[in-house]
Amino acid sequence: MNYPFEKLFLVCIGDRCNNDSHGKDRGEVIAAELKDLNKQMGRKGVARICRVSCLDLCDHGPNIVVEPGNTVYSHLDRSDAEKVYRGEMGDAPKRTDLELEEGELRAGTSAAARKR
Ligand code: FES
């Protein structure tokens, strides 16, 4: 069967994305605010805001991966995360400027970089 949701926002709440150094822009807060926004927009049946433990992109967080599309958004704060959501859901232009750049990924230390 096909999964019955159109979009998955995988919001990292791992140790580094959710580190206190990010203050109110840490992963848990981003996830909670996107979940509220998704509900306010009446999209609980369309999109899921999923907390994930680590995306192996820790050098670049806070991170969100959006499926379908495998799109990686990095260095997010709460405001940028909302822009990502609105862009992915078609409320506003897609924010390609907030995507992780290939060169930065390759320069990082993650296993995800070594898979390239
Ligand atoms: S802690 Fe977020 S990508 Fe690893």
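Data block above holds the structure.
This structure is a prediction, so every number in the text was calculated from the model and none was measured. (Residues numbered from 1 in each chain as written. Predicted model: local features only at pLDDT ≥ 70, side-chain atom pairs only at ≥ 80, totals over all residues.)

1. Considerations on the overall build of the protein chain
Next up, step 1: Summing up its helical and strand segments, the protein chain has four helices and four strands in all.
Next up, step 2: Its helices and strands taken in sequence order, the protein chain reads β-α-β-β-β-α-α-α from the N to the C terminus.
Next up, step 3: Its C-alpha atoms give the protein chain a radius of gyration of 14 Å, within 12% of the compact-globule value 13 Å for 116 residues.
Next up, step 4: Dimensions of the protein chain along its principal axes, counting C-alpha atoms only, are 40 × 35 × 30 Å.
Next up, step 5: Scored against the burial criterion, the 116 residues of the protein chain give a buried share of 27%.
Next up, step 6: Considering only contacts in the protein chain between residues 6 or more positions apart, those separated by 24 or more positions represent 58%. (Helix = DSSP H or I, 4+ residues; strand = E, 2+ residues; numbered from the N terminus. Rg over C-alpha atoms; globule rule 2.2 N^0.38 Å. Buried ≥ 20, exposed ≤ 12 C-beta atoms within 10 Å, placed from the backbone. Contact = placed C-beta atoms within 7 Å.)

2. Regarding the sheet that holds strand β4 (residues 71-73)
Next up, step 1: With mixed pairing, the four strands of this open sheet are ordered in space as β2-β1-β3-β4. Only two strands of the sheet have a single partner each, and these edge strands are β2 (47-52) and β4. Geometrically, the sheet is characterised by an average inter-axis angle of 20 degrees between neighbouring strands, direction not taken into account.
Next up, step 2: Each of β1 (7-12), β3 (64-67) and β4 touches helix α2 (residues 78-88); the most contacted strand, β3, lies at about 10 degrees to it. (Pairing = 2+ DSSP bridges. Axes fitted to C-alpha atoms, helices over the stretch in contact; angles between N-to-C directions.)

3. Some remarks on α2
Next up, step 1: What α2 keeps buried is the set A81, K83, V84, Y85 and E88.
Next up, step 2: After α2 finishes, the residue G90 shows a positive phi value of roughly 85 degrees.

4. Overview of the pairing of β2
Next up, step 1: As paired strands, β1 and β2 are joined by six bridges and run parallel to one another. Directly across from L10, in β2, lies its bridge partner C50.

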